Amino acid sequence: MKKRSFKDTNFDSSINNISYLYKNITSMSSLSEQEEIRRNKLKELRKIGINPYPANLFQVDSDSLTIKENFKENKKVVLAGRIMSRRIQGKASFAEIQDSKGRVQIYFNRDEICEGNDKTKYNEVYKKLLDIGDIIGIDGKLFKTKVGEKTVLVKNFQLLSKSLKPLPLPKIDPDGNKFDEFTDPETRYRQRYIDLLVNPKVKDTFVKRTKITNSIRSFLNKKKYLEVETPILQPIPGGALARPFITKHNALNIPLYLRIANELYLKRLIVGGFDGVYEFSKDFRNEGMDKTHNPEFTVMELYVAYKDYFWMMKTTESLLKTVAIESTGSCSVKVNEKIIDFTPPYPRIPILESIKTHTGIDVLNISESELKNSAIKIGIEIEESMGTGKIIDAIFGEKCEQHYVQPTFIIDYPKEMSPLTKEHRENPKLTERFELLVNGKELANAYSELNDPIDQRIRFEKQLKLSEKGDDEAMFIDQDFLRALEYGMPPTSGIGIGIDRLVMLLTNNSSIQEVLFFPQMKPEKKSLNLNEAEKSIYVLIKKNESNNLNKVKEDSNLSNKAWDKGIKNLVKNNLVKVVKSNEGLFIQLVN
């Protein structure tokens, strides 16, 4: 059979009247029935003189939590919130509104709201033109129902914001079982605003996140360390082994990098005379995404003069114990089915000892080629650009990390792994560095900081050689930082603690996306509402091997009008395209 040759083309209007196929049309998803109803209500509200989005201040004096905790019969209150449920019963109605503190029941009575003969506000506005999801302001007074429910009797209400989309609230059957809950992770992360509204536990996570950062800040402030800010846009991406995001400053005509770490700037401040500085830093790394990695993340970095990594271990233990107690009420926290105990002291295990224990490899006493071969034998993927440091890191990450569930300091890293770390005082092949592992993942990384400018230059030059071999995570040489060290930096210890991972631990979440308001996501696929004719055509195109235009039309059993309208919308929404070959017209799916 002769191979067909396809190419996109424009067609004469005489050919099935489909010249519209190649016009550039910006299409919008059609509105759902509920959305159309709500827009019609919006028009009706405006017709009767009600602004659905008023600009004036609405001064509240109470909230749902205060009402319940400080309840007083007949007390007048003014509050605002979102309608989350309602039960209309003729001239009376119970509803529930939600504000930032929770939910409270409210009671509408037609004669309380409309004292005269005009009952429009209740009969038309409340009953017919308001919906679940609308935000209203209420003047009322408190009372208890016959069953003891603390409730607000509504004396007056005002629409503050009309909701044009229905909330995805769960359905509850007579037995109390919930259905259609808003639980799909991808949808939740993309539409965090809805997630926060309908899943109260999500909000609790982010409230606790703020408690955690406030606790850290309070701990450091009590020690008189100074909170500072350093540049996010940097001319050299220093302070870590990572692939940076690159941008350009047009006015200066220079490349700039989103920071991968703030370490080198904080150490400049130690050179400048500060004894202790810290920063909650947004860092960016152009690398993979998974349950514990997001390209944008938060780190707290602390640098203190005249200290070493032994001091920093003790300080870290004290800090984490304090934060755990202040944010959860205990040193022990539940993580999945495990209990993590942050009570000091934490074990201290040399990394080389750990690798030997779990793999049998004696890292320090073999050559780089022998190390590569040993890594390959135990199933580690090795790239040509990887030096000794990266190979050791890969071995430890793959074979050792997961064994350390309780807080454990992994200490004394080889020099090749730690270009910014001071040489070990007893073994020149090692450095004074530790990583804190909790639940099998790195939580913190700390050093006795390298302050010898000559040694630091040599370490940078070795990183340059790795870069020349193809390692796109190798460090740049930062000449200004070297210049700062040449003026003299006091002995210093520094640490970086991953805030997102700490919050995961203290809120019992296994995914970093759960502790970020707006995690990075893949581009969203356009959601389309297809009618039955469009769906049937699309299914036929997927099933039909030849996809000859006339054959698909014949198989659809649609009228000419329904076919024409259906195929037009499929093409407009970039789901299918019509192509012409030497054998006729054909329909193809758009990938």
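Residues numbered from 1 in each chain as written. Predicted model: local features only at pLDDT ≥ 70, side-chain atom pairs only at ≥ 80, totals over all residues. Heavy atoms only, no water.

Caption draft 1: Broad picture of the overall build of the chain. Each helix and strand counted, the chain has 18 helices and 22 strands in total. Relative to its length of 591 residues, the chain is extended, with a C-alpha radius of gyration of 32 Å against a globular reference of 25 Å. For the chain, the spread of C-alpha atoms along the principal axes amounts to about 90 × 85 × 55 Å. Each of the 591 residues in the chain was classed as buried or not, and the buried ones make up 45%. Pairs at least 24 residues apart make up 65% of the contacts formed inside the chain by residues separated by at least 6 positions. (Helix = DSSP H or I, 4+ residues; strand = E, 2+ residues; numbered from the N terminus. Rg over C-alpha atoms; globule rule 2.2 N^0.38 Å. Buried < 20%, exposed > 50% of the residue type's maximum accessible area, 1.4 Å probe, protein only. Contact = heavy atoms within 4.5 Å.)

Caption draft 2: Quick peek at the environment of Ile587. Here Ile587 lies in strand 22 (residues 584-589). By relative accessible area, Ile587 is classed as buried at 1%. Not counting residues within four places of it along the chain, the set of residues in contact with Ile587 comprises Ile541, Asn547, Leu549, Val552, Trp563, Ile567, Val576 and Lys577.

Caption draft 3: Focus on helix 18 (residues 560-572). Helix length check: helix 18 (13 residues) gives 18 Å between terminal C-alpha atoms against 18 Å at 1.5 Å per residue, within 8%. Those residues of helix 18 lying buried are Trp563, Gly566, Ile567, Asn569, Leu570 and Val571. Elements that come into contact with the buried residues of helix 18 comprise helix 16 (532-543), helix 17 (549-556), strand 21 (576-581) and strand 22. Immediately downstream of helix 18, the backbone of Asn574 shows phi near 60 degrees, a positive value. (Expected span 1.5 Å × (residues − 1).)

Caption draft 4: View of the nonpolar core. One finds Ile216, Met300, Leu302, Phe342 and Phe434 to be the most contacted residues of the largest nonpolar core, which totals 41 residues. Sorting elements by how many residues they give to this core places helix 9 (residues 309-328) first, with 7 residues. What Leu302 contacts, discounting residues up to four positions off in sequence, is Leu220, Tyr225, Val277, Tyr278, Met312, Ser493, Gly494 and Ile495. Counting 25 residues, the second-largest nonpolar core is a separate cluster that includes Ala95, Ile113, Leu129 and Val154. (Core = buried A, V, L, I, M, F, W, Y, C linked by side-chain atoms within 4.5 Å.)

Caption draft 5: View of the sheet that holds strand 11 (residues 254-258). In space, the 3 strands of this open sheet follow the order 9-11-10, with antiparallel pairing throughout. Two strands bound the open sheet, and with one partner strand each, they are strand 9 (233-234) and strand 10 (246-249). Where strand 10 lies against strand 11, 4 bridges are found, and the strand directions are antiparallel. Within strand 11, the residue paired with His249 across the bridge is Ile254. (Pairing = 2+ DSSP bridges.)

Caption draft 6: Expanded view of the sheet that holds strand 4 (residues 135-144). Here 5 strands make up a closed barrel; going around it, the order is 1-2-3-5-4 and the pairing mixed. Ignoring strand direction, the axes of neighbouring strands in this sheet form an average angle of 55 degrees. The strands that helix 4 (residues 120-129) touches are strand 1 (76-89), strand 2 (92-99), strand 3 (102-109) and strand 5 (150-161); relative to strand 1, the one it contacts most, it runs at about 70 degrees. (Axes fitted to C-alpha atoms, helices over the stretch in contact; angles between N-to-C directions.)

Caption draft 7: Structural context of the packing of aromatic side chains. A full pass over the atoms with the stated rule returns 14 aromatic pairs. Geometrically, the ring pair formed by Phe396 and Tyr404 is stacked, given 6.5 Å between the ring centres and 15 degrees between the ring planes. Residue classification places Phe396 among the buried residues on the basis of a relative accessible area of 2%. Lys121 extends its terminal NZ or CZ atom over the ring of Phe157, reaching a point 4.9 Å from the ring centre. (Phe/Tyr/Trp six-rings, centres within 6.5 Å; stacked < 30°, edge-to-face > 60°. Lys NZ or Arg CZ within 6 Å of the ring centre and 35° of its normal.)

Caption draft 8: Region of interest: a nonpolar patch on the surface. A cluster of nonpolar residues, Tyr193, Phe517 and Phe518, forms a patch on the protein surface that exposes about 370 Å² of accessible area. Structurally, Phe518 is set in the loop between helix 15 (499-507) and helix 16. By relative accessible area, which is 63% here, Phe518 ends up exposed. (Patch = residues over 30% accessible without salt bridge, like charges linked within 9 Å, V, L, I, M, F, W, Y side chains within 5 Å. Areas by Shrake-Rupley, 256 points an atom, 1.4 Å probe, with all protein chains shown as cover. Salt bridge = Lys/Arg side-chain N within 4 Å of Asp/Glu carboxyl O.)

Caption draft 9: Highlighting the environment of Lys462. In this structure, Lys462 sits in helix 13 (residues 453-468). Spatially, the C-alpha atoms of Lys462 and Gly49 are 74 Å apart, while their sequence positions differ by 413 residues.

Caption draft 10: Structural detail: the pairing of strand 5. Sheet topology places strand 3 next to strand 5; 3 bridges connect them, and they run parallel. Opposite Tyr107, over in strand 5, you have Leu153 as the bridge partner. Of the pairings in the sheet, the one linking strand 4 to strand 5 comprises 10 bridges and is antiparallel in character. Bridge assignment links Lys141 to a residue of strand 5, and that residue is Leu153. Counted along the chain from strand 4 to the antiparallel partner strand 5, the turn is 5 residues long, and its residue Gly148 has a positive phi close to 90 degrees.

Caption draft 11: Geometry of helix 16. Here helix 16 spans 17 Å end to end across 12 residues, near enough to the 16 Å set by a 1.5 Å rise per residue. Within helix 16 the residues assigned to the buried category are Ala533, Glu534, Ile537 and Ile541. Buried residues of helix 16, seen end-on, are gathered within an arc of 100 degrees and therefore sit on one face of the element. Exposed positions of helix 16 whose direction lies more than 90 degrees from the buried face are Glu532, Lys542 and Lys543. (Arc of directions from axis to C-beta.)

Caption draft 12: Quick peek at the pattern of salt bridges. Enumeration over the complete set of coordinates arrives at 33 salt bridges. A salt bridge links Lys119 to Asp111; the shortest N-O distance between them is 3.2 Å. Judged by its relative accessible area of 19%, Lys119 is buried. Arg259 is the salt-bridge partner of Asp283, the closest N and O atoms lying 3.3 Å from each other. Within this pair, whereas Asp283 is found in strand 12 (residues 276-284), its partner Arg259 is found in the loop between strand 11 and helix 8 (263-271), the two being separated by 24 residues in sequence.

Caption draft 13: Inspection of unusual backbone geometry at higher detail. With an omega of -5 degrees, the peptide bond between Pro344 and Pro345 qualifies as cis. Tracing the backbone shows Pro345 in the loop between strand 15 (338-341) and strand 16 (348-350). Positive phi outside glycine occurs at Tyr306, with the angle close to 65 degrees. With a phi angle near 55 degrees, Asn336 is a residue other than glycine that sits in the positive phi range. Considering the arrangement of structural elements, one finds Asn336 in the loop between strand 14 (332-335) and strand 15. According to the relative accessible area criterion, Asn336 is partly exposed, its value standing at 38%.

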